[in-house]
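Observations on chain architecture
Next come the chains, spelled out residue by residue.
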Amino acid sequence: MASMLMNSLRCCPPVNPAWAVQYATRSLSTSVQLHAQVQTKSKKTLAKPGVKNIVLVEGVRTPFLLSGTTYADLMPHDLARAALQGLLHKTSLPKDAVDYIIYGTVIQEVKTSNVAREASLGAGFSDKIPSHTVTMACISSNVAMTTGVGLITAGQCDTIVAGGVEFMSDVPIRHSRKMRKTMLALNRAKTLGQRLSLIGSIRMAHLTPELPAVAEFSTAETMGHSADRLAAAFGVTRLEQDEFALRSHTLAKQAQDAGLLSDVISFKVPGRDTVAKDNGIRPSSMEQLAKLKPAFIKPHGTVTAANSSFLTDGASAVLIMSEEKALAMGYKPKAYLRYSVILTPKTSCCLGDYSSSMVMSLFLLFRPAYGTPKVLARAGLTMDDIDVFEFHEAFAGQIMANLKALDSDWFAQTYMGRKAKVGAPAMEKFNLWGGSLSLGHPFGATGCRLVTTVAHRLLKEGGQYGLVAACAAGGQGHAMVIEAYPQ
Amino acid sequence: KCPSHHESVINTKWEFSPPARTHVNYEVKEDVAVIRMNDPTSKVNTLSVQMQNEMIEVFNEVLANDAVQSAVLISSKPGCFIAGADINMIQACNTSEEVTKLSQEGQKMFARIEKSPKPIVAAINGPCLGGGLEFAIACQYRVATKSKKTVLGTPEVMLGLLPGAGGTQRLPKMVGIPGAFDMMLTGRNIRADKAKKMGLVHQLVDPLGPGLKSPEERTIEYLEEVAIQCAKGIVNKKISLTKEKGMMQKVQDYVMGIEFVRQQIYKTVTAKVMKMSKGLYPAPLKIIESVKAGLEQGPDSGYLAEAQNFGKLAMTSESNALIGLYHGQVACKKNRFGVPERPVKNLAILGAGLMGAGIAQVTVDKGIHTVLKDTTVEGLSRGQQQVYKGLNDKTKKKTITSFERDFTLASLTGQLDYSGFEKADMVIEAVFEDLNIKHRVIKEVEAVIPPHCIFATNTSALPIKDIAAASIRPEKVIGMHYFSPVDKMQLLEIITTDKTSKDTTASAVAVGLKQGKVIIVVGDGPGFYTTRCLAPMLAEAVRLLQEGVDPKKLDALTTGFGFPVGAATLADEVGIDVAAHVAEDLGKAFGSRFGGGNVEVLKTMVEKGFKGRKSGKGCYVYTPGLKSKDVNPDIEDVLEKYKLTPNPSSDSDVQYRLVSRFVNEAVMCLQEGILNGPVEGDIGAVFGLGFPPCLGGPFRFVDTFGANKLVEKMKRYEEVYGNHFTPCQLLLDHAKDSSKRFHK
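Residues numbered from 1 in each chain as written. Chains lettered and ligands numbered in written order. Predicted model: local features only at pLDDT ≥ 70, side-chain atom pairs only at ≥ 80, totals over all residues. Heavy atoms only, no water.

1. Let's talk about the environment of A:Pro333
Residues and elements named next belong to chain A. With respect to the helices and strands, the residue Pro333 is situated in the loop between helix 11 (323-328) and strand 9 (335-343). Judged by its relative accessible area of 2%, Pro333 falls in the buried class. Expressed as a C-alpha distance, the spacing of Pro333 and Leu289, which sit 44 residues apart in the sequence, is 41 Å. With sequence-adjacent residues up to four places away left out, Pro333 is seen in contact with Val55, Leu56, Val57, Ala326, Leu327, Tyr485 and Gln487. (Helix = DSSP H or I, 4+ residues; strand = E, 2+ residues; numbered from the N terminus. Buried < 20%, exposed > 50% of the residue type's maximum accessible area, 1.4 Å probe, protein only. Contact = heavy atoms within 4.5 Å.)

Rendered as structure tokens:
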């Protein structure tokens, strides 16, 4: 841990000192230092002497389904179990060959709060394999992976299964705090009289349930609202957003039809049919998209149900190993996992002035713009070196805003402490197999999908480098450089 | 170089256009005219003569332009729509007829706006107050940003005026009679979300964060875009201007349609106003009168009543006094000592009592790291709880979020030792009022603080030079006299000794301004300015009690004069022990002039435990949870013991005996150079001691009432009571020469 912190200190780009301090204190970035393996084929490899190479051996996911559809009667760990079993099946990995299992999830089912443990036991993994659950909003499975990478780098493990799961068909809806307090007091009540008086104290207001909201606790602003403001700040029009959403669905449909989404495993849902495909891909027309009313900021907002990602059920899993171990076990790795940064916001401390929470929430969905230049700088690459981009599409407006930010010198100078912009990714390299808008976005599971997709696209398209970027609530984000494994 | 065709077109255009406008301009975007206001001479937009003239000009052009279907009215200033009418315009008038005419011109202009065949959308970001609000509500549609800076309101009443450009006529129709009275009689600011609920604005726009431009710039652009959409929507009938009325609204309209109900409302509101203002403020009554005229006798009478009442009010001494206070307050929110060498980033407060914790509360949310130190865990946690409660109350009122509360509290450190004091930029001590303790503290603190650190002492009466005597660096010692409760009382009295450096003063003022205070900087001396003025008045109050005036009667007479709190209640609030302490100290310093009431009365009360509100008993008995209070029956014995035979005094004499001693002492402070000028004297007396705002402070009171009349009264009292009423030289000078005035 300490060494990670030191790394983050060392890795601060030499920009203006105020920024440097903020990064040093506010961001915990995990830098992935890899051990050297002889790499001769490509001149451009990012391998460094003395740094352990870490590889992605395989990645799978269950079909991502609209919540409330075929998965409706399951529990979160059932989905995670399906993903793990799919991984085992695809890799023929011995069930005791794994050193550690890490899962990411956002909305926790209280009965299975360590969902990693419940799922791995249920999937038949040895009970001697430790497993824990992490959470970091929409980049939870990204953190599961980087945690695994950290364990391998530190020499503690060689084989890691990381994954993520989200199950929005059932979320914990709680009794009100008043009711909970009364019920807990009822537990402790000793006499009938005490119990009766407590029961008598229950009023209508006690019965109002508490629903979980997709909102920031600190600002109470919902993600959709925040995305709409972000889009407005960058002048992203409704048309641009609808076009991007349509692009996502169209590309996803093409990829699905062409059988490119090979990470999807088929899953026999107990009591239901076998599911083998994502069911949220719905290419529509611009006319139809234009008919929808704004979903969050009414009546002049631009974010609609169609240009936002939808509530999704799904799980994913990846097998990460040290290159040495993978080769020793006879695997053919798919990609190297290289540099990775996790970012937290540059909070402006101007409380009372312009309402810092307002400012902060704007940064919510804004990490890709910050993460991309940072991780590129660390890898010593430029935008042009990247062959495959996979950005998490929470909202079309958010993606477009990020692209505009990356392409703005003014933004780079004013808010990122850079001399110039890094430039926007070329659209012909960008999310070519669809994205969260069309495939779906099970919060905890999306990160592994992005990494696996980059690996698969590098293989298919013959590129050398891929970049993953994703944003998360709380103003955080993750970016990772992935390098093709020489074939 | 040949000028391009494009340039020449612009040039010809310029030739035909009238002299360039500086305040109002417009551009046509598709078929919408975007009218932009910007007063280049000021930070805020006001409806000055220039602004109005250019506005009328632009409005005429927009109406005449066939390419224009609708208009958007917006300010180019990032943080201000229109802050109000130009007060100087009113003050420049000499008769009420002139002011009435001003009002009628405003009414006429807004009537044209209201009847405009091309819909006008007001796009509001930042303050939209007074005349600005009247302008906005004359427009057909209103869009406002949800920014914290966006507030709507009619603050005219606070200047002793009324909304004189149609406000009293349009508001009741827009937000209902009760809502309109609430707005106009309290003058309070209404935030955008509340304004939407009230029906004052139609649509809200979120302020934006960083984008391809600065947040402020882009937010205004966005507001303009949305307003243009609205303007187009109104023209092509997508937006209806007649709102569907809800059930509640229909019921309310029906009820308000009954004359008897309306009469009841006028009666209730008038009674409430009379109770609160004691009839000392004419503006609220004129507002009710104008609203009533419009509703009962039709718009013609209503607008006429509004304009005439506006004219009358502008000539009242009350309005003059309140406007004077407004200007004074603005002046006392500036730092005339310049920018301090180093800004205070770490502030340490000694003593977590009511005062200490109160100072912490107003400091911690201003981005200053605050240390609160006490000597006991109990004292400290009581203070921390006070700060927490203050912030949590704001959370409950939804002015801040729970996150902002927690984030703010993270800058507060509670501790029992001096650790971390080596980083302090300023230390404010709020320990017990005892010179020995203060000396001990200053020595302890100076042993641990860095050389640049300022030592401020919060005392209400001990001379700062006496406290500074124990200091090894008296140039860094200054007095900061806060008033309790610190988060409510606006005044901060800063006291400098002849050794205090200018930078120390600049720094103290800067901190005070950050804390949101109105600041007067006064010279050192026993009781400084505020306490010194209050002491003789309280001495007189004690004498009156000794003469057998009932505390309730005493309170009624003082509040009847315009003080917000009665003299007996004030003594209880300040604390009888504090009052005794101060009376004794100042009595020693100033001699018999500060006599009158017997200090022994106060001392005996303290001995019996009647220390005022904090001990539950003083002049009154305080029962927790009960608002009403009864006279403490046990003080009768005390008063009986020190009974004086009263000279016959009318109620008015009682009032002037109290007030003249206050005023005389204030004038003497100016004479002795304790005060920098009459403005600070007025502000200090009104904001710190509750001197009647309708009188504008002791100095304006002398000007208005007449120094000669006051001196005459005082001489009469002097004959009876002695030197307590001897007028000071400066007051005598003013009495002799009626052309001498404190305020020009």
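2. Some details on the sheet that holds strand 7 (residues 128-129) of chain B
Residues and elements named next belong to chain B. Sheet architecture is open: three strands sit in the order 7-9-10, paired in mixed fashion. Taken across any chain shown, the strands that pair with only one partner, and hence form the sheet edges, are strand 7 and strand 10 (190-191). In terms of strand pairing, strand 9 (residues 151-153) meets strand 10 through two bridges, oriented antiparallel. Within the sheet, the bridge partner assigned to Val151 lies in strand 10 and is Arg191. (Pairing = 2+ DSSP bridges.)

3. Notes on the interface of chain B and chain A
Contact residues are listed per partner, giving 26 residues for chain B and 25 residues for chain A. Taken together, the two surfaces of chain B and chain A that pack against each other cover about 2400 Å², and 64% of this comes from carbon and sulfur. Three residues stand out in chain B for area buried against chain A, namely B:Pro210, B:Leu212 and B:Phe403, and they jointly supply 27% of the buried area on that side. Counting across the interface, chain B meets chain A through zero salt bridges. Counting across the chain B and chain A interface gives five residue pairs in polar contact (both at pLDDT 80 or more). (Buried area = accessible area lost by both parts, 1.4 Å probe. Salt bridge = Lys/Arg side-chain N within 4 Å of Asp/Glu carboxyl O. Polar contact = N/O pair within 3.5 Å; in protein donor to acceptor, adjacent residues only side chain to side chain.)

4. A few points about the UniProt feature "site: Important for hydroxyacyl-coenzyme A dehydrogenase activity" (unreviewed entry) in chain B
Residues and elements named next belong to chain B. When the UniProt feature table is mapped to this numbering, "site: Important for hydroxyacyl-coenzyme A dehydrogenase activity" (unreviewed entry) covers His481. Within the secondary structure, His481 is located in strand 17 (residues 477-482). On the basis of relative accessible area, His481 is assigned to the buried category, the value being 6%. For His481, the residues in contact, after removing those within four places along its chain, are Asn458, Thr459, Ser460, Leu491, Leu492, Glu493, Ile495, Phe528, Thr530 and Thr531. (UniProt positions renumbered as here; feature names shortened; annotations may be inferred.)

5. As for the nonpolar core
All names here are of chain B. Formed by 98 residues in total, the largest nonpolar core has its most connected members in Val427, Tyr529, Leu554, Val667, Phe691, Phe701 and Leu731. Ignoring sequence-local partners within four residues, the contact set of Leu554 consists of Ala541, Leu544, Leu545, Val549, Ala567, Ala568 and Leu658. Membership of the second largest hydrophobic core comes to 67 residues, among which are Met109, Ile120, Ile137 and Ala195. (Core = buried A, V, L, I, M, F, W, Y, C linked by side-chain atoms within 4.5 Å.)

6. A word on a nonpolar patch on the surface
All names here are of chain B. Where nonpolar side chains cluster on the molecular surface, the patch consists of Met247, Val251, Tyr254, Val255, Ile258 and Phe260 and spans about 630 Å² of accessible area. By residue number, the principal contributor to the nonpolar patch is helix 10 (residues 247-256), which donates four residues. Position of Phe260 relative to the elements: it lies in helix 11 (residues 259-277). By relative accessible area, Phe260 is classed as exposed at 58%. (Patch = residues over 30% accessible without salt bridge, like charges linked within 9 Å, V, L, I, M, F, W, Y side chains within 5 Å. Areas by Shrake-Rupley, 256 points an atom, 1.4 Å probe, with all protein chains shown as cover.)

7. Remarks on the layout of surface pockets
Residues and elements named next belong to chain B. Approximately 1100 Å³ is the volume found for the second largest pocket. Along its surface, the second largest pocket is lined by 37 residues, and Lys173, Met174, Val175, Gly199 and Lys243 are the ones closest to its centre. Contributions of two or more residues to the lining of the second largest pocket are made by helix 5 (131-138), strand 8 (141-145), helix 6 (167-175), helix 8 (192-198) and helix 10. The dominant element in the lining of the second largest pocket, judged by the number of residues it contributes, is helix 6, at six residues. Grouping the constituent residues of the lining of the second largest pocket by class yields 15 nonpolar, 11 polar and 11 charged. (1 Å grid on protein atoms, 1.4 Å probe; cavity = no way out; pocket = protein on both sides within 12 Å on 5 of 7 lines; lining within 4 Å. Points joined across faces, edges and corners; volume = space filled by probe spheres on them. Nonpolar A, V, L, I, M, F, W, Y, C, P; charged D, E, K, R; others polar.)

8. Here we look at a negative patch on the surface
A cluster of like negative charges, contributed by B:Asp550, B:Glu636, B:Asp637 and B:Glu640, occupies part of the molecular surface. Looking at the element boundaries, B:Asp637 is found in helix 26 (residues 635-641). (Lys, Arg positive; Asp, Glu negative; His and termini not counted. Charge placed at Lys NZ, Arg CZ, Asp CG, Glu CD.)

9. So, the UniProt feature "domain: 3-hydroxyacyl-CoA dehydrogenase C-terminal" (unreviewed entry) in chain B
The UniProt record marks residues 527-622 of chain B with the feature "domain: 3-hydroxyacyl-CoA dehydrogenase C-terminal" (unreviewed entry), using the residue numbering of this structure. This span, residues 527-622 of chain B, is 62% helix and 2% strand, and a straight line between its end C-alpha atoms measures 29 Å.

10. Examining unusual backbone geometry
With glycine set apart, most residues show a phi of negative sign, and most peptide bonds adopt trans. All names here are of chain A. Across the junction of Lys298 and Pro299, the peptide omega takes the value 0°, indicating a cis bond. Tracing the backbone shows Pro299 in the loop between helix 10 (286-291) and strand 8 (312-322). Backbone geometry at Ser92 places phi at a positive 55°, although glycine is not the residue there. Of note, Asn431 is a non-glycine position whose phi angle comes to about 40°, a positive value. Within the secondary structure, Asn431 is located in the loop between helix 15 (409-415) and helix 16 (436-439). Judged by relative accessible area, Asn431 falls into the buried class, the value being 0%.

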